[in-house]
Amino acid sequence: MSTGPGAASAPAPDGHDDPTAPDAPRKTKTSMFASLRVRNYRLFFLGQVVSNIGTWMQRIAQDWLVLSLTGSSAAVGITTALQFLPMLLFGLYGGVLVDRLRKRPTLLVTQSAMALTALFLAVLTLTGHVQVWHVYVAAFAMGLATVVDNPARQSFVAELVGRDQLQNAVSLNSANFQSARLVGPAVAGLMITGVGTGWAFLANGLSFVAPLSCLVLMRARELHAVQRAPRGKGQLREGLHYVAGRPELIWTIVLVGFIGTFGFNFPVFLSAFADDVFDAGAGAYSLFNTLMAVGSLAGALLAARRGTARLRVLIAAALAFGALEMVAATAPELWLFALLMVPIGVFSMTVNVTANTSIQMSTDPAMRGRVMALYMMVFLGGSPVGAPIVGWVTDTYGARAGFAAGGAVAATAAIVIGLILARVGNLRLSVGWHRGHPQVRFVPRERREELAPAA
């Protein structure tokens, strides 16, 4: 079955780009909350709201605990690296498993494992026995569960809502995560300063009761059936060949790999700015995360309104994201730096949602687990490489240099990959005027003569 994103989404010259194909997405706006009409997805959404709040609480508490124990941004980077290292090492194998297994029972197992890990860290912290290597072990264990949990959750959305509402559901998932990001860091900041980090870990462990309960309450007969891949040899290689033969997949994954590795290391950047640059403590760190969440939530809701996931939007958002990081790195005052977190959040979420949706809608269902595992492996698994590097740059040359370097890599990757996609799609840059306003866009090369008068 063709699941291409349409010509406007990917400038790749293959059959997946035919906007007249039966499976091509309609270029119309949809209701912002359309997929919530589906009961199973509504349960999934509600369970994730609670769990995501707990997840954000643990992220803030974990970063601050490591910084408190070691005083090192590099140590925060190592913690982040250990949490995402399993995705880098085993992510593709997790995708093979997800394509073979039923998604709902798989998620029950992975979510339970993540709950136990959070409770383990809570007990150590509350009893006063926690050491930094305990946090490293817990982060790695959480990462192991994520190897299967991430592609399973990503793929499960299609079974909950079907193809027609997939983009809306993916966008609402991101809005869900970012809404929790508004609450989680704020509550974590209060807990850290009031009663200590251990209570944030405990709250996260207990929050998994919500998604586990909602998974149990779902109606199996209302799920959209997806054929599972049979056991067989060469399935990992088959997934890699599938992605390699589709430019709209491979170059999207490469772009988010660069951005995820160097531009999305916010635990390192923001904790260093809060502690070293502005000397403002955990409250400022929570504020930075909260304001970024405001922008990310806005970006996710805007994506839910769009009818298609266009790669030109992805390239433009990635370029704007990198440029804003470089600007924020030079902010002289805390209030200005904090305000810049909002547009950075908007464009980071636009990159995230557009890439995720474009890849899912470009992929055949039987391959979705492997493709999404590769995507998540590159996007999240790049942190074990990038986090220690940017942590070292931050410790050696300062937080401003580290943040600016991450933004420069993101912006450069956007420009280079945008030009590659334009060349692959036989496009050229068109600069002209439209209704009295300047317009810059890529157009097919064969339309040069037709558009010449407008330029």
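Residues numbered from 1 in each chain as written. Predicted model: local features only at pLDDT ≥ 70, side-chain atom pairs only at ≥ 80, totals over all residues. Heavy atoms only, no water.

- Per an unreviewed UniProt entry, the chain goes by MFS transporter and derives from Streptomyces thinghirensis.
- Looking at the Subcellular location (unreviewed entry) heading of the UniProt record, one finds this comment for the chain: "Cell membrane". (UniProt positions renumbered as here; feature names shortened; annotations may be inferred.)

### Points about the overall build of the chain
Then, in step 1: The helix and strand tally for the chain stands at 17 helices and two strands.
Then, in step 2: A burial count over the chain gives 54% of its 455 residues as buried.
Then, in step 3: Across the chain, the fraction of contacts at a sequence separation of at least 24, relative to all contacts at a separation of at least 6, is 82%.
Then, in step 4: For the chain, the accessible area works out to roughly 18700 Å², and carbon and sulfur atoms hold 65% of it. (Helix = DSSP H or I, 4+ residues; strand = E, 2+ residues; numbered from the N terminus. Buried < 20%, exposed > 50% of the residue type's maximum accessible area, 1.4 Å probe, protein only. Contact = heavy atoms within 4.5 Å. Areas by Shrake-Rupley, 256 points an atom, 1.4 Å probe, with all protein chains shown as cover.)

### Some words on the pattern of salt bridges
Then, in step 1: For the structure shown, the criterion picks out three salt bridges.
Then, in step 2: Residue Lys-103 is joined to Glu-159 by a salt bridge in which the shortest nitrogen-to-oxygen separation is 3.5 Å. With Lys-103 in helix α3 (residues 103-126) and Glu-159 in helix α4 (residues 132-161), the pair connects residues that are 56 residues apart, well separated along the chain. Across the pair, Glu-159 and Lys-103 agree in class, each one buried.
Then, in step 3: Between Asp-149 and Arg-153 there is a salt bridge, and its shortest N-O distance comes to 2.7 Å. You can see Asp-149 and its partner Arg-153 sitting in helix α4, four residues apart, about one turn around the helix.
Then, in step 4: Exposure remark for Asp-149: the relative accessible area of 1% places this residue in the buried category.
Then, in step 5: For Arg-153, a relative accessible area of 23% corresponds to the partly exposed category. (Salt bridge = Lys/Arg side-chain N within 4 Å of Asp/Glu carboxyl O.)

### Quick notes on a nonpolar patch on the surface
Then, in step 1: A cluster of nonpolar side chains, Leu-88, Leu-89, Phe-90, Tyr-93, Leu-144, Val-385 and Ile-389, forms an exposed patch at the surface whose accessible area comes to about 620 Å².
Then, in step 2: Along the polypeptide, Val-385 turns up in helix α15 (residues 383-397).
Then, in step 3: Given a relative accessible area of 43%, Val-385 falls into the partly exposed group. (Patch = residues over 30% accessible without salt bridge, like charges linked within 9 Å, V, L, I, M, F, W, Y side chains within 5 Å.)

### Examining the packing of aromatic side chains
Aromatic ring pairs are defined here through the distance separating the ring centres and the angle between the ring planes.
Then, in step 1: Throughout the structure, instances matching the rule amount to 16 aromatic pairs.
Then, in step 2: Where Phe-273 meets Phe-278, the ring centres are 6.0 Å apart and the plane angle is 40°; that geometry is what we call tilted. Accessibility classification places Phe-273 together with Phe-278 in one group, the buried group.
Then, in step 3: Aromatic pair Phe-273 and Phe-403: ring centres 5.7 Å apart, planes at 65°, arrangement edge-to-face. Remark: Phe-403 occurs in helix α16 (residues 399-424) and Phe-273 occurs in helix α10 (residues 266-277); sequence separation between them is 130 residues. Across this residue pair, the class does not change: Phe-273 and Phe-403 are buried.
Then, in step 4: Members of the aromatic cluster, joined through ring pairs, are Phe-269, Phe-273, Phe-278, Phe-288, Phe-337 and Phe-403.
Then, in step 5: Positioned above the aromatic ring of Trp-56, the side-chain terminus of Arg-59 is 4.8 Å from the ring centre. (Phe/Tyr/Trp six-rings, centres within 6.5 Å; stacked < 30°, edge-to-face > 60°. Lys NZ or Arg CZ within 6 Å of the ring centre and 35° of its normal.)

### Re the nonpolar core
Within soluble globular proteins, side chains that are nonpolar tend to cluster in buried spots.
Then, in step 1: Counting residues in each nonpolar core, the largest one holds 78 residues, and the members touching the most others are Leu-255, Phe-288, Phe-337, Met-341, Ile-344, Tyr-375 and Phe-403.
Then, in step 2: If near-sequence neighbours (up to four positions away) are discounted, Tyr-375 is found in contact with Ile-253, Val-256, Asn-352, Ala-355, Asn-356 and Ile-359.
Then, in step 3: Core analysis: the second largest hydrophobic core is formed by 22 residues, Ala-152, Val-170, Leu-172 and Met-361 among them. (Core = buried A, V, L, I, M, F, W, Y, C linked by side-chain atoms within 4.5 Å.)

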